[in-house]
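Structural features, examined
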Amino acid sequence: GENKGTMQRMTNPGDRLSEEEIRRRRRRAKAERMRRKRRLRRILILGMILFLAAIIGIGVLIYRNTYTGVVNQGKRAEAGGNTTKAEDLYLRAIEKNGEKEDAYVSLAKLYHGRDQDDKADTLLQEAVNTYPDSTGVYRAAVEFYEDTEQTEKIAYIMSTCTNEQILTELKDYVAKIPEFSLDDDKVYDNVQELTLSSEDEGTIYYTLDGSEATTDSTEYKEPIQLNQEGETTVRAIFVNKKGIASVEVQKTYTIQFPVADAPAVSPTTGQYSEAVSVEIQVPDGYTAYYTLDGTEPSDQSIQYTGAFAVYEDTELNVVLIDGNGKKSEVTTRKYRFSS
């Protein structure tokens, strides 16, 4: 009772206000407190919204300045027909991160669309030279060349790669050069059989006439016979199952069939009083031919099959010819007979 009386005296000094007026004032005071609370809540909500907007704005600014943001701005600029702005944005993205593929692919395609394939080639070559261990850079190059049907350039790009992880990850794009069974540093003295092979699934094409090997060249199916004396140039490529060709391998083989010494012929030149029996030493792999009239012998001359008799003045010339038509030096014998 005492507390209540004190309260009434505070809100109703001198007991001048009626109970009704007191209640009314209390309701107004309560309503005012509620209005202030609602106003504070609105201010807080508005502050929160502004704060979130600022955060989002900063986030957008940050995103627009990230690698992906810059690439996407470039794509939008390109879609809007502003290729110059797009090029600048793609280059900016590459400056931000030179090991990601998106900007390279987009910029290379932009150059390709402008018929500037030389600029695309330079861009990608410099990229793999600068980042030889970046899968993204190599992937950008092979994807661009595959999309633009320039698969012959994939072999060159991949042939520069020494990173085993990249070679494994992009193995479908690797067309290894064909292996040659013969060493081209030595000179061969007989017919050779050359085998071309690849450890991967695909096809080998080759030429023997010095022309460039392409998919229109002879398909390798069996060992190549090198049976011509002199030099034979073999050029070959390997094409993997994805249709990507390797870089070309070129090897030149030299065959020099040995020349037999001039044949040994007996008896020696001289004067004889009676008929002589002439014998010629014929090494394995050779045939001897001779003339009796002083002319130079060939494979059209008389073939030596065994000892023969000479009983009148004769100039004998003898040559050895092997299975490849290789001739020895000529041996000459002059027989004179005294009556």
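Throughout what follows, the structure given in this document is the object of discussion. The structure displayed is predicted, hence computed values, not measured ones.

A few words on the overall build of the chain. A count of helices and strands for the chain gives nine helices and 17 strands. By the compact-globule yardstick of 20 Å for 339 residues, the chain is too spread out, its C-alpha radius of gyration being 49 Å. Once the C-alpha set of the chain is aligned to its principal axes, its extents read approximately 185 × 45 × 30 Å. The burial tally for the chain puts 35% of its 339 residues in the buried class.

What follows deals with the packing of helix 7 (residues 135–147) against helix 8 (residues 152–159). Where helix 7 meets helix 8, the closest approach of the two axes is 8 Å, and the angle between their N-to-C directions is 165 degrees. The angle between the axes of helix 7 and helix 8 places the two elements in the roughly antiparallel class. Judged by the sense of rotation from one axis to the other, the crossing of helix 7 with helix 8 is left-handed. Here Tyr138, Ala141, Val142, Tyr145 and Glu146 of helix 7 come into contact with helix 8, specifically with Lys153, Ile154, Ile157 and Met158. Counted by class, the contact of helix 7 with helix 8 contains seven nonpolar, no polar and two charged residues.

What follows concerns a nonpolar patch on the surface. Side chains of Met48, Phe51, Leu52, Ile55 and Ile56 sit close together on the surface and give an oily, nonpolar patch of about 520 Å² of accessible area. Inspection of the secondary structure assignment puts Phe51 in helix 2 (residues 19–64).

Take helix 5 (residues 102–113) next. Between its terminal C-alpha atoms helix 5 stretches 16 Å, which fits the 16 Å expected from twelve residues at 1.5 Å a residue. Among all positions of helix 5, only Ala103, Tyr104, Val105, Ser106, Leu107, Ala108, Leu110 and Tyr111 are buried. Where helix 5 is buried, its residues contact helix 3 (67–79), helix 4 (83–96), helix 6 (117–130) and helix 7. Once helix 5 ends, the next one or two residues include Asp115, with phi positive near 60 degrees.

Before going further, it helps to examine the sheet that holds strand 14 (residues 302–303). The mixed open sheet is built from five strands, whose spatial order is 11-17-16-13-14. Bordering the open sheet on either side are strand 11 (270–272) and strand 14, each of which pairs with just one other strand.

A few words on the packing of aromatic side chains. The description of an aromatic ring pair uses the distance of the two centres, along with the angle that the planes make with each other. In this structure the tally under the stated criterion is six aromatic pairs. An angle of 65 degrees between the planes, with centres 6.0 Å apart, marks the rings of Tyr272 and Tyr335 as edge-to-face. Here Tyr272, found in strand 11, pairs with Tyr335, found in strand 17 (residues 331–337); they are 63 residues apart in sequence, far enough to count as distant. Owing to a relative accessible area of 0%, Tyr335 belongs among the buried residues under this scheme.

Turning our attention to the sheet that holds strand 8 (residues 230–240). Taking strand neighbours across the sheet as the criterion, the five strands line up as 2-9-8-5-6 in an open arrangement whose pairing is mixed. Sheet topology places strand 2 (187–188) and strand 6 (218–219) at the edges, where each strand pairs with a single neighbour. As defined by bridge partners, strand 2 adjoins strand 9 (residues 249–255) across two bridges and the pair is classed as parallel. Note on strand 9: the bridge partner recorded for Val187 is Thr254.

On to the pattern of salt bridges. One pass over the structure, following the stated rule, counts 16 salt bridges. With a shortest N-O distance of 2.9 Å, Asp121 and Lys153 are connected by a salt bridge. Note that Asp121 is positioned in helix 6 and Lys153 in helix 8, a separation of 32 residues in sequence. What makes Asp121 partly exposed here is its relative accessible area of 23%. Judged by relative accessible area, which is 23%, Lys153 ranks as partly exposed. A salt bridge links Glu169 to Arg139; the shortest N-O distance between them is 3.5 Å.

The next subject is the nonpolar core. Of all hydrophobic cores here, the largest spans 56 residues; its most connected members are Met158, Leu194 and Leu196. When near neighbours in sequence (up to four residues on either side) are disregarded, Leu196 contacts Glu179, Phe180, Ile204, Tyr206, Tyr220, Ile224 and Ala236. Of all hydrophobic cores here, the second largest spans 16 residues; its members include Val265, Ile280, Tyr290 and Val310.

Burial runs high along strand 8: eight of the eleven residues are buried. By the bridge criterion, six bridges tie strand 5 (residues 202–207) to strand 8 in an arrangement that is antiparallel. Residue pairing in the sheet places Thr207 in a bridge with Arg235 of strand 8.

Note on placement: Gly202 falls in strand 5. The partly exposed category is assigned to Gly202, whose relative accessible area is 46%. Sequence spacing of Gly202 and Asn65 is 137 residues, and the spatial spacing of their C-alpha atoms is 46 Å. Setting aside residues up to four positions removed in sequence, Gly202 forms contacts with Phe238, Val239 and Asn240.

So, how was this worked out
Residues numbered from 1 in each chain as written. Predicted model: local features only at pLDDT ≥ 70, side-chain atom pairs only at ≥ 80, totals over all residues. Heavy atoms only, no water. Helix = DSSP H or I, 4+ residues; strand = E, 2+ residues; numbered from the N terminus. Rg over C-alpha atoms; globule rule 2.2 N^0.38 Å. Buried < 20%, exposed > 50% of the residue type's maximum accessible area, 1.4 Å probe, protein only. Axes fitted to C-alpha atoms, helices over the stretch in contact; angles between N-to-C directions. Parallel < 35°, antiparallel > 145°, perpendicular 65-115°, else oblique. Left-handed = near helix turned anticlockwise from the far one by under 90°. Contact = heavy atoms within 4.5 Å. Nonpolar A, V, L, I, M, F, W, Y, C, P; charged D, E, K, R; others polar. Patch = residues over 30% accessible without salt bridge, like charges linked within 9 Å, V, L, I, M, F, W, Y side chains within 5 Å. Areas by Shrake-Rupley, 256 points an atom, 1.4 Å probe, with all protein chains shown as cover. Salt bridge = Lys/Arg side-chain N within 4 Å of Asp/Glu carboxyl O. Expected span 1.5 Å × (residues − 1). Pairing = 2+ DSSP bridges. Phe/Tyr/Trp six-rings, centres within 6.5 Å; stacked < 30°, edge-to-face > 60°. Core = buried A, V, L, I, M, F, W, Y, C linked by side-chain atoms within 4.5 Å.

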